[in-house]
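The chain contents come next:
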Amino acid sequence: MNSEPFEAILSWLFLRPYAEYLADHTKSTAPKGTPSLCPLCGGKPQVGALRPEGDGATRSLICSLCATEWEYRRIVCPACGEEDVHKLAIYTAKEFNHVRVEACDSCRSYLKTVDLTKDGHAVPVVDELATIPLDLWAAEHSYQKLRTNVLGL
Ligand SMILES: [Zn+2]
Ligand SMILES: [Zn+2]
């Protein structure tokens, strides 16, 4: 007859991690502010994109797991939330005019962003893979990629 509390404790033990997972997950899907993780699956962004809008461009991030693309503020580090423009560096190489390395000097992470205002035919995920020299350059400057791609770079 005393099995009920025992079962309750058992189910709590089993359910708690799941509930915590759900809570964490729900937090990251809440459409407030600028989620730096995928609002659908919680994955890290693989690459950023700048898409033409009006006179300027909007920045978005593309999930490394499910390829969801979501809008993201332009001047903020997706890894640590740094908003100081002096700590957020943008590097470009003339070989890859439309792909840039967006690096953060606060947490030393970087993300490549494909600028579709410069090349409307670019495909961010493909161009991210096709610009390995930028990764090598970033590694040489001791920046760490937010999320390594399928090639491990
Ligand atoms: Zn995702
Ligand atoms: Zn950062």
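Residues numbered from 1 in each chain as written. Chains lettered and ligands numbered in written order. Predicted model: local features only at pLDDT ≥ 70, side-chain atom pairs only at ≥ 80, totals over all residues. Heavy atoms only, no water.

Cys38 (SG), Cys41 (SG), Cys63 (SG) and Cys66 (SG) make up the full set of protein donors to the zinc ion (ligand 1), lying at 2.2 to 2.4 Å. Here the donor residues of the zinc ion (ligand 1) share one chain and are spaced in sequence as C-x2-C-x21-C-x2-C. Taken as a pair, Cys41 in the loop between helix H1 (3–29) and strand E1 (45–53) and Cys66 in the loop between strand E2 (56–63) and strand E3 (69–72) lie far apart in primary sequence, 25 residues in all. Look at Cys66 and you get partly exposed, because its relative accessible area is 32%. (Donors = N, O, S within 2.8 Å, 3.2 Å for Na, K, Ca; no water. Helix = DSSP H or I, 4+ residues; strand = E, 2+ residues; numbered from the N terminus. Buried < 20%, exposed > 50% of the residue type's maximum accessible area, 1.4 Å probe, protein only.)

It is worth spelling out the layout of surface pockets at this point. With a probe scaled to a water molecule rolled over the atoms, the places where space remains empty come into view. In this structure, the largest pocket occupies an estimated 220 Å³ of space. Lining the largest pocket are 20 residues, and of these Arg59, Arg74, Leu88, Ile90 and Glu102 lie nearest its centre. Of all the elements, strand E5 (residues 96–104) adds the most residues to the lining of the largest pocket, at 4 residues. Among the residues making up the lining of the largest pocket, the classes are represented as 15 nonpolar, 1 polar and 4 charged. Approximately 170 Å³ is the volume found for the second largest pocket. Taken together, 13 residues form the lining of the second largest pocket, with Gln46, Ser64, Val125, Asn149 and Val150 sitting closest to its centre. For the lining of the second largest pocket, the secondary-structure elements that each account for two or more residues are E2 and helix H2 (124–129). A total of 3 residues in the lining of the second largest pocket trace back to one element, the largest contributor, which is H2. (1 Å grid on protein atoms, 1.4 Å probe; cavity = no way out; pocket = protein on both sides within 12 Å on 5 of 7 lines; lining within 4 Å. Points joined across faces, edges and corners; volume = space filled by probe spheres on them. Nonpolar A, V, L, I, M, F, W, Y, C, P; charged D, E, K, R; others polar.)

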